[in-house]
Amino acid sequence: MTQLATDVLIVGAGGAGMYAAIAAARAGAEHVLLADKSLVGRGGATVMAQMTVAAALGEECPDDWQVHLADTLAAGRGLCDEKLAALLCRDAPTRIREMDEWRVGWARREHGRIAQVTAPGHSRPRCCYVDFLNTGPAVAATLRRRIGQIAAIKRVSNLAVTDLVVCNEEAVGAVALDIAEGEPVTIAAKAIVIATGGLTRIYQRNSASANMGGDGYALALAAGAELLDMEFVQFFPIGHLAPRLVGMDPIMWDPFRYKLGGRLLDGAGREFLGDYGSDETAGYTTPRDIATYAIQKEVAAGRGSPHGGVYLSFAHVPRSALEGAFGPVIERLAQNGIDLGAAPIEVAPIAHYHMGGIAVDERMASRVPGLFAAGEAAGGANGANRLSGNAIPEALVFGEQAGTAAAGFATGRRLPDWPNGAGASAVAQIRSLADGRGGDIAAVELLDELREVMWRDVGPFRTADGLAHAIATLEKIRRALPDAAVPAGRQFNSALAEWFELRGSVIAAQAVAHAAAVRRESRGAHQREDFPDTDPGWARSRRIAMTSDGALIVDGRK
Amino acid sequence: MTKTIARLRVRRGTAGEAVSRYQEFAVPFEPGTTVLDALISIRSQQDPSLAIRYSCINANVCKECLIAIDGEVRYACTTRLRHDAVMTLDPLPGKPVLRDLVTETRPPRERLK
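Attention here is on the structure that accompanies the text. Along each chain, the written sequence defines residue order, and numbers are assigned to residues from 1. To read the labels, note that chains go from A and ligands from 1, taken in the order they are written. The predicted origin of the model limits local features to residues at a pLDDT of at least 70 and limits the giving and counting of side-chain atom pairs to 80 or more, whereas totals for whole chains, interfaces and linings rest on all residues. As a rule here, side-chain values cover all heavy atoms of the structure and leave hydrogens and water aside.

What follows concerns the overall build of chain A. When helices and strands are tallied, chain A shows 14 helices and 17 strands. Taken over the C-alpha trace, chain A has a radius of gyration of 23 Å; the compact-globule value for 558 residues is 24 Å, and the two agree within 12%. Across its three principal directions, the C-alpha atoms of chain A cover 70 × 55 × 50 Å. The buried label applies to any residue whose accessible area, calculated with a 1.4 Å probe on protein chains only, is under 20% of its type's maximum; exposed applies above 50%, and partly exposed to all values in between. Across the 558 residues that make up chain A, the buried fraction comes to 63%. Contact criterion: two residues are considered in contact whenever any of their non-hydrogen atoms come within 4.5 Å of each other. A separation threshold of at least 6 residues defines the contact pool for chain A, and within that pool the share at least 24 residues apart is 74%. Of the roughly 18,900 Å² that chain A leaves accessible, carbon and sulfur atoms contribute 48%. Here chain A contributes 56 positive and 64 negative side-chain charges, whose respective centroids are spaced 2 Å apart. Working definition: helices are DSSP H or I runs of at least four residues, strands are E runs of at least two. Numbering for both runs from the N terminus. To get the radius of gyration, use the C-alpha atoms; to get the globule rule, take the number of residues to the power 0.38 and multiply by 2.2 Å. Surface accessibility in these figures is a Shrake-Rupley result with a 1.4 Å probe; residues are shielded only by whichever protein chains are displayed. Only four residue types enter the tally: Lys and Arg on the positive side, Asp and Glu on the negative side; His and the chain ends are excluded. By convention, charge coordinates are those of NZ in Lys, CZ in Arg, CG in Asp, or CD in Glu.

In this section: the pattern of salt bridges. Residue and element names in this part refer to chain A. Basic side-chain nitrogens of Lys or Arg form a salt bridge, by our definition, when they fall within 4 Å of a carboxyl oxygen of Asp or Glu. Throughout the structure, instances matching the rule amount to 47 salt bridges over all chains. A salt bridge links Asp-555 to Arg-542; its shortest N-O distance comes to 3.1 Å. Here the residue Asp-555 occupies a position in the segment after strand E17 (552-554), and Arg-542 occupies one in the loop between helix H14 (494-518) and strand E16 (543-546), the gap between them amounting to 13 residues. It is possible to trace a salt-bridge network through shared partners that takes in Arg-26, Arg-95, Glu-98 and Glu-400.

Our focus in this paragraph is the packing of helix H13 (residues 464-480) of chain A against H14(A). Residue and element names in this part refer to chain A. Contact geometry for H13 and H14: axes closest at 10 Å, N-to-C directions at 155 degrees. Put simply, H13 runs roughly antiparallel to H14. Two packed elements cross with a definite hand, and for H13 against H14 that hand is left-handed. Touching Leu-467, Ile-471, Leu-474, Glu-475, Ile-477 and Arg-478 of H13 are Leu-502, Val-506, Ile-507, Ala-509, Gln-510, Ala-513, His-514, Ala-516 and Ala-517, all from H14. When grouped by side-chain class, the residues that make up the contact of H13 with H14 number eleven nonpolar, two polar and two charged. For helices, the fitted line uses only the C-alpha atoms of the stretch in contact; every axis is such a line through C-alpha atoms, and the angle between N-to-C directions lies from 0 to 180 degrees. Should an angle fall under 35 degrees it is taken as roughly parallel, and over 145 as roughly antiparallel, whereas 65 to 115 is taken as roughly perpendicular and any remaining angle as oblique. Crossing handedness: left-handed means the near helix sits turned counterclockwise from the far one by under a right angle, and right-handed means the same turn made clockwise. Throughout this entry, Asp, Glu, Lys and Arg are counted as charged residues, while Ala, Val, Leu, Ile, Met, Phe, Trp, Tyr, Cys and Pro are counted as nonpolar. The remaining residues, Gly among them, count as polar.

Turning our attention to the nonpolar core. Residue and element names in this part refer to chain A. The criterion is simple. A nonpolar core is a set of buried Ala, Val, Leu, Ile, Met, Phe, Trp, Tyr and Cys residues joined through side-chain atoms within 4.5 Å. In this structure, Trp-106, Tyr-203 and Ile-358 are the most contacted members of the largest nonpolar core, which totals 151 residues. Looking at which element gives the most residues to this core, the answer is H14, with 14 residues. Filtering out sequence-adjacent residues up to four positions away, Trp-106 remains in contact with Val-53, Ile-96, Met-99, Asp-100, Ile-114, Cys-128, Tyr-129, Val-130, Thr-135 and Val-139. Residues Ile-251, Met-252, Val-310 and Ile-338 belong to the second largest nonpolar core, which totals 30 residues.

Take the packing of aromatic side chains next. All names here are of chain A. Ring pairs are drawn from Phe, Tyr and Trp, using the six-membered ring of Trp, whenever the two centres fall within 6.5 Å, and their geometry is named by plane angle: stacked under 30 degrees, edge-to-face over 60, tilted for the rest. The tally for this structure, following the rule as stated, stands at twelve aromatic pairs over all chains. Note on Tyr-203 and Phe-235: the rings are 5.3 Å apart at their centroids and 85 degrees apart in plane angle, and the pair reads as edge-to-face. Of the two residues, Tyr-203 sits in the loop between strand E8 (183-194) and helix H5 (215-223) while Phe-235 sits in strand E10 (residues 233-242), which places them 32 residues apart along the sequence. Comparing Tyr-203 with Phe-235 shows no difference in burial state: the two are buried. With 6.1 Å between their ring centres and 70 degrees between their planes, Phe-372 and Phe-409 make a pair best called edge-to-face. One end of the pair, Phe-372, is in strand E15 (residues 371-373); the other, Phe-409, is in helix H10 (residues 391-410), and 37 residues separate them in sequence. Counting every residue linked through ring pairs, the aromatic cluster contains Trp-253, Phe-256, Phe-314 and Phe-326. Sitting over the ring of Tyr-353, Arg-386 keeps its end group 4.1 Å from the ring centre. Only when the NZ of Lys or the CZ of Arg is both within 6 Å of the ring centre and within 35 degrees of the ring normal is a charge said to sit over the ring.

Residue and element names in this part refer to chain A. Residue Phe-132 follows Asp-131 across a cis peptide bond; omega there is -25 degrees. Tracing the backbone shows Phe-132 in the loop between strand E4 (127-128) and helix H4 (135-148). In the Ramachandran plot, Asp-229 falls in the positive-phi region, its phi being about 55 degrees despite a non-glycine side chain. Relative to the elements of secondary structure, Asp-229 occurs in the loop between strand E9 (227-228) and E10.

With that settled, the discussion passes to the interface of chain B and chain A. Counting residues at the interface gives 37 residues for chain B, matched by 49 residues for chain A. Summed over both sides, the interface of chain B with chain A buries roughly 3,300 Å², with 50% coming from carbon and sulfur. The largest share of the area that chain B buries against chain A comes from B:Arg109, B:Glu110 and B:Leu112, three residues that together contribute 20% of it. The tally of links from chain B across to chain A stands at three salt bridges. Here A:Arg244 and B:Asp37 are joined by a salt bridge, their closest N and O atoms 2.4 Å apart. Polar contact is defined as a pair of N or O atoms within 3.5 Å, subject to the rule that within protein one atom must be able to donate a hydrogen and the other to accept it, and that residues adjacent in sequence are counted only when both atoms are side-chain atoms. Put simply, chain B and chain A have 17 residue pairs in polar contact (both at pLDDT 80 or more) between them. Looking at the side of chain B that touches chain A element by element, the count peaks at four residues for helix H1 (residues 35-45) of chain B. Across the side of chain B that touches chain A, the residue classes tally to 15 nonpolar, ten polar and twelve charged. Computed with a 1.4 Å rolling probe, the buried area is the accessible surface lost when two parts are put together, summed over both parts.

Below, the discussion takes up the side chain of A:Gln510. Residues and elements named next belong to chain A. Residue position: Gln-510 is located in helix H14. Among the polar contacts listed, one links the side chain of Gln-510 to the side chain of Arg-478, at a separation of 2.7 Å. The contacts of Gln-510, once residues within four sequence positions are left out, are Leu-474, Glu-475, Arg-478 and Leu-552.

This paragraph deals with the sheet that holds E17(A). Residues and elements named next belong to chain A. Pairs of strands are assigned from DSSP output, requiring at least two bridges between the strands. With antiparallel pairing, the four strands of this open sheet are ordered in space as E14-E9-E16-E17. With partners counted over all chains shown, the strands left at the sheet margins are strand E14 (357-358) and E17, one partner each. Pairing between E9 and E16: two bridges, direction antiparallel. When the sheet's bridge partners are listed, Leu-227 is paired in E16 with Ile-544. Helix-sheet contacts for H14 involve E9, E16 and E17, and the interaxial angle to E17 is about 30 degrees.

What follows covers the packing of helix H12 (residues 443-457) of chain A against H14(A). Residue and element names in this part refer to chain A. The interhelical angle for the contact between H12 and H14, taken along N-to-C directions, is 20 degrees, at an axis separation of 9 Å. Considering the angle they form, H12 stands roughly parallel to H14. For the pair H12 and H14, the crossing hand works out as left-handed. Each of Ala-443, Val-444, Leu-446, Leu-447, Leu-450, Arg-451 and Met-454 in H12 lies in contact with H14, whose residues at this interface are Glu-498, Trp-499, Glu-501, Leu-502, Ser-505, Val-506, Ala-509 and Val-512. Partitioning the contact of H12 with H14 into residue classes produces eleven nonpolar, one polar and three charged.

Bringing H5(A) into the picture now. Residue and element names in this part refer to chain A. In terms of residue burial, H5 counts as a mostly covered element, since eight of its nine residues are buried. If you check which residues of H5 are buried, you get Asp-215, Gly-216, Tyr-217, Ala-218, Leu-219, Ala-220, Leu-221 and Ala-223. The positive-phi residue at the C-terminal boundary of H5 is Gly-224, with phi of around 110 degrees.

A word on the environment of A:Leu143. All names here are of chain A. In this structure, Leu-143 sits in helix H4. Along the sequence, Leu-143 and Gly-262 sit 119 residues apart, while their C-alpha atoms lie 33 Å from each other. The contact partners of Leu-143, leaving out residues within four places of it in the chain, are Gly-15, Met-18, Tyr-19, Ile-22, Met-99, Trp-102 and Leu-396.

Residues and elements named next belong to chain B. Where burial is concerned, the two faces of strand E5 (residues 87-90) agree: the one with Met-87 and Leu-89 and the one with Thr-88 and Asp-90 are both buried. Note that strand E1 (residues 5-12) and E5 share three bridges and pair parallel. When the sheet's bridge partners are listed, Leu-8 is paired in E5 with Met-87. In the sheet, strand E3 (residues 66-69) pairs with E5 via two bridges, with the strands oriented antiparallel. Within the sheet, the bridge partner assigned to Ala-68 lies in E5 and is Asp-90.

Note that all results are geometric; they support no functional claim without further evidence.
Here you go:
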């Protein structure tokens, strides 16, 4: 069996993980192991981001990180961890200028200054981007180039961490599945950073990549860490719905809405946001939670578009302006049969981001010594609703903190000895599954069922009955997991990795459903039909932990 | 009304198997759907042992789903499914096969061994 040892193990190689690796090496870690289930720098959410990055650079007009912070806190609906939010806003300009030095290629104005636009919820033009719709791929490629030049960083693709190993309540390493070989691998580590991104893949309609099933949350819970704000899943209001669009991220329409003022119309062609208290005559200003609410209500009232969403129309925009803003994207849209000047497209909410996550302090340390978290996997900075443009700065800023802190923790710590038997059951689990196992239902089918129930009952609208149904279904799925069929085979047996994905996803889904059932109010992205008002008494985060028998408890209670 | 179906001939097998073997699958055809959509549907509805590399599903940014489709190297996520002829899917040529449509496309420095 392959046995690895490292100073800092980073689980997940998206934006946060790659930056954490750079920071750990910069802080003196001699051996950094950067592991990803997919390919390093190609999976996760960062590479998917076609949109903007918020940082108070002040390129367009005077700006200050404290104003960015005020906007972030307002969007968070009273629930942000103010210290984490301040860290994000304070350090974002440094990270974004550093990316500029690393030639990410931020779009610039004619006079050479970095272009910054006003995304919804921002009081200033603060959001930079890479044309056209290339922000995330450019950030990911830039970070990939950097880590490729750092000898201390060992990258491993197709390595899925399945279990963390904890000894005397400290994190001492991990067991992983080498997907390419179908074999277990042990990794002794002085410090670990979880940078696995969010959990939006547990929803039927999502803008996630394949590996965002929430496994990092399950790893953290099982290791003894706490999660917070798990009920707050951001539903991006205008995810693409129809006609079928390929080769593009389903959330691509937002920048064009604020560049060109695309109008949201109901099935009869009428503007409706004003009915929900959001007048857009002065421009596109509706925050994500309110837009999602308005669209869902229109559809529920029978005023939706044919495929169950609403229309997004650019019909009022001159063709020359469309061509100027969309550039080569116009051609890609034409290949999909879309002509924005001729017909509107249909959009509907889609699971996009998770505000909640692993509870950490300002050094990104969880309550388990040696265990850190970064990026979307860490919770708290965005409260009940994330301001658009805050996800990539969060990945970079928190990645920097986590990598630095993990390297600091590893310095002077001996490589921990694993006591006899540590990790043995996790290794045995991988071997046993690779031998194959009969059964009536495969993990992939259970994953489909999980995604359906999460979308229907734990989606943009929630009720006590729906949540109770979801909790019962998730419990049933979790009980079915040990008997799920796995076809035999080692080399790149996707069903093996899928079994572990389901194991993580069901725990992440349970955390969301339990937290949503406990919060009997509506706030930000958490909307209860049976408790429609925001209750000032609920303006605090709920924490979830796992008991030794695997049950989830909210604020210390079952 | 009978549902339109699309038929796919998919190369199966692992690194050790010398003889090439194709398996034919039929999937419900929806206008606009892609070859990757069909493969994902086969995995969840018919045969979870079928292996394909993909990450971003739809956005064509991860670039992992490169395979040979009717002899041409193409992304499964941007190639539209067709129902008027059987589509033949092979792993990316010139790369060692790991399983079915999955080849060793990891950069050498990103491998364990």
